[in-house]
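Chain by chain, the residues:
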Amino acid sequence: MKIPVLHPDSKKKIGWDRFILALTVSITLVIPLITVYRHSLTGLYLIFDFFISIVYIADILIESHTAYFEQRELIRHRESVFRHYARSGLTLDVLAAIPFFMILSMFNNPLILKIAYLSNLLRIAKLFRIRKTISRIRNSKRLNPSFIRMGLLIFWILIAAHLISCSWMEITGNPDGLDNTSRYIRSFYWTVTTLTTIGYGDITPSSNLETIFVVIIELIGAGMYGFIIGNIANIIANIDIAKSQYQEKMEKVTTFLRYKNIPHDLKNKISDYYDYLWESRRGYDEASILEDLPKPLKTSVSLFLNRGIIQKVPIFQGASEEFIKEIILNLKPVVFTPGDYVVIKGEIGYEMYFISRGSVDVVSEDESIVYATLNAGSFFGEIALLLSAPRNATIKAREYCDCYSLDKDTFDQILVRFPKFAERIRDMAEKRRAETEEKQKKNNN
Ligand code: CMP
């Protein structure tokens, strides 16, 4: 029977890998204890041992039929797949799968029996192979990467502490005649105090072998302690990169404002602006993040991010996909704070704006006449672009406004390429101009 070549990311393979992960972790916890305590060969344990061998042999079959990626290319060719596995993990997997314990324990010799118990530890070799599954967990996009890193760090420390505790029990034996639980707890306590470089000195080595072991663990502990502290500091700093970068920026800005003696009101306005940026977009600058992406990817992300504005602006509705893409790629997000003059009457216009959130007043030069109030979904600044004339009114933000600006060059190109849009926008501009003129006349009379 020919086993089909599996995809490494298929659901079945991922499920199987998780099962192997759970089994290997359980074995890593249980087998050293069985070895240290020299549990007698009960039938139940032999069945468990046999079961592990069967599962690990099945794993060898599955692994040797799992395609792999080489520079993002999926290699499915049977021979290449097997050669890749033979190079990467076959030896460890075979060592972990052979039921050495069952075979060696058949000999009724105390030395061979001791070797049988120790050979059991070969099963733990599989731990190195499951790193792949663990790195898949690390790459999962659902959880905060810092939490995953912290979880994995704790996991590996506990595994290492467990293995060291068992080794200490094996080396020191049980001179005080403690029961198994107390023996383990004391050994674990010794491991933790030694690894964390605390070493109270209440449990000390007596033989040469014990002393050498203590020296080795102390050296590992000193390195591990530095590693853990460094890692934890790094993880904590990265839990919310956006927040720490934002705080850093705020500190820089505040220092600058203080240094330049900027008036208090202006300072408050700037700080409010940054608060708004944080609340509305977690301080991310959309444009700079998308800058590096290739055009098709950038279009997809922009379409997703700006779907709100497309739905809100009535003149975009029913427009062709080509038109929407063209517009979306050229819209630049801008924020205005309450009271900002977005456009001033009489100035030359270089862009028009679409309002995504907030509202603006369209007012006369001296602000005595309010021609209109424009809300989310509206646009303004089109008249100056269409007629190449100065702005015909002033636009003042009533509150925080999230807008998108469209520059004149793109606007002109779009008008040529999409006549329907041009017609609608011209109609609107004409109506607005007439209305403004009429209101102005009325006011003058
Ligand atoms: P523009 O002249 O470029 O700059 C000022 C903008 O105010 C103008 O474009 C229009 O978009 C907008 N505007 C002018 N008059 C009105 C009005 N009566 N109603 C709504 N918007 C207007």
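Up top is the structure.
This one's a predicted model, so the numbers in the text were calculated from it and none came from an experiment.

K.L.:
Just give me the short version of the overall build of the protein, but keep the residues and values in it.
P.N.:
Secondary structure assignment for the protein yields 20 helices and 10 strands. Here the C-alpha radius of gyration of the protein, 35 Å, is well above what a compact globule of 445 residues would show, namely 22 Å. For the protein, the proportion of its 445 residues judged to be buried stands at 37%. A fraction of 74% describes how many contacts in the protein between residues 6 or more apart in sequence connect residues 24 or more apart. Summed over its atoms, the accessible surface of the protein is roughly 26,400 Å², and 60% of this surface lies on carbon and sulfur atoms.

K.L.:
Describe the side chain of T193, naming the residues involved and giving the relevant values.
P.N.:
Positionally, T193 belongs in helix α10 (residues 180–195). For T193, a relative accessible area of 8% puts it in the buried group.

K.L.:
How would you explain the sheet that holds strand β4 (residues 341–343) if you had to name every residue and give the values?
P.N.:
Here we have 4 strands laid out as an open sheet, ordered β4-β9-β6-β7, and antiparallel in their pairing. Of all the strands in the sheet, just β4 and β7 (370–374) have a single pairing partner and so form its edges. Ignoring strand direction, the axes of neighbouring strands in this sheet form an average angle of 30 degrees. Examined bridge by bridge, strand β6 (residues 360–363) and strand β9 (residues 394–397) share 4 bridges and lie antiparallel to one another.

K.L.:
So what about the nonpolar core? Which residues, and what values?
P.N.:
With 27 residues, the main nonpolar core has I20, I27, V55, Y56 and I130 as its most contacted residues. For this core, the elements supplying multiple residues, two or more each, are α1 (11–37), α2 (43–63), α4 (90–97), α6 (110–119) and α9 (145–172). It is α1 that contributes the most residues to this core, 8 residues altogether. Aside from chain neighbours lying at most four places away, what touches I20 is V55, Y56, D59, K126 and I130.

K.L.:
Before we move on, can you summarise the site of the ligand with the specific residues and values?
P.N.:
In the neighbourhood of the ligand, 17 residues make up the surrounding shell, with G381, E382, R391, N392 and T436 lying closest. Within the backbone of G381, an N or O atom sits 2.8 Å from an oxygen atom of the ligand. Within the side chain of T436, a nitrogen or oxygen atom sits 2.7 Å from a nitrogen atom of the ligand. Its free accessible area being 460 Å², the ligand has 98% of it covered by the protein chains.

K.L.:
I'd love a proper account of the packing of α1 against α2, names of residues and values included.
P.N.:
Between α1 and α2, the shortest axis-to-axis distance is 11 Å and the interhelical angle comes to 145 degrees. Here α1 runs over α2; the crossing is left-handed. Seen from α1, the contacting residues are K13, W16, D17, F19, I20, L23, T24, I27, I31 and I34; seen from α2, they are Y45, F48, F51, I52, V55, Y56, A58, D59, I62 and E63. Tallied by class, the residues present in the contact of α1 with α2 amount to 15 nonpolar, 1 polar and 4 charged.

K.L.:
So what's going on with the pattern of salt bridges? Residues and values would help.
P.N.:
Pairing between side chains becomes possible if they bear opposite charge and their charged atoms approach one another. What the rule picks out here adds up to 20 salt bridges. Note that R83 is salt-bridged to E79, the shortest N-O span being 3.6 Å. Taken together, the residues span about one helical turn, with R83 and E79 both in helix α3 (residues 78–88) at a distance of 4 residues. Assessed through its relative accessible area of 47%, R83 is described here as partly exposed. Among the charged side chains, a salt-bridge network with shared partners connects K13, D17, D59, E63, D93, K126 and R129.

K.L.:
Explain the pairing of β6 residue by residue, including any values.
P.N.:
Both faces of β6 are covered, namely the face carrying V360 and V362 and the face carrying D361 and V363. Looking at chain direction, β6 and β7 are connected through 4 bridges and run antiparallel. Across the sheet, residue V360 finds its bridge partner in β7, namely L374. Hairpin geometry of β6 and β7 is characterised by an intervening segment of 6 residues between the two adjacent antiparallel strands and by a positive phi of about 70 degrees at E367.

K.L.:
An account of the sheet that holds strand β10 (residues 401–407) is requested, with residue identities and associated values reported.
P.N.:
Ordered in space as β3-β10-β5-β8, the 4 strands form an open sheet in which the pairing is antiparallel. Two strands bound the open sheet, and with one partner strand each, they are β3 (332–336) and β8 (379–380). Across the face of the sheet, helix α19 (residues 408–417) comes into contact with β5 (351–357) and β10 while running at roughly 70 degrees to β10.

K.L.:
I'd love a proper account of the packing of α2 against α4, names of residues and values included.
P.N.:
Running from N to C, α2 and α4 cross one another at 160 degrees; their axes reach a closest spacing of 8 Å. As summarised for this structure, α2 and α4 are arranged roughly antiparallel, according to the angle between their axes. Handedness of the α2/α4 crossing: left-handed. Touching S53, Y56, I57, D59, I60 and E63 of α2 are L90, D93, V94, A96 and A97, all from α4. Classifying every residue of the contact of α2 with α4 by side-chain character gives 7 nonpolar, 1 polar and 3 charged.

Thresholds, definitions, all that
- Residues numbered from 1 in each chain as written.
- Predicted model: local features only at pLDDT ≥ 70, side-chain atom pairs only at ≥ 80, totals over all residues.
- Heavy atoms only, no water.
- Helix = DSSP H or I, 4+ residues; strand = E, 2+ residues; numbered from the N terminus.
- Rg over C-alpha atoms; globule rule 2.2 N^0.38 Å.
- Buried < 20%, exposed > 50% of the residue type's maximum accessible area, 1.4 Å probe, protein only.
- Contact = heavy atoms within 4.5 Å.
- Areas by Shrake-Rupley, 256 points an atom, 1.4 Å probe, with all protein chains shown as cover.
- Pairing = 2+ DSSP bridges.
- Axes fitted to C-alpha atoms, helices over the stretch in contact; angles between N-to-C directions.
- Core = buried A, V, L, I, M, F, W, Y, C linked by side-chain atoms within 4.5 Å.
- Near = heavy atom within 4 Å.
- Polar contact = N/O pair within 3.5 Å; in protein donor to acceptor, adjacent residues only side chain to side chain.
- Left-handed = near helix turned anticlockwise from the far one by under 90°.
- Nonpolar A, V, L, I, M, F, W, Y, C, P; charged D, E, K, R; others polar.
- Salt bridge = Lys/Arg side-chain N within 4 Å of Asp/Glu carboxyl O.
- Parallel < 35°, antiparallel > 145°, perpendicular 65-115°, else oblique.

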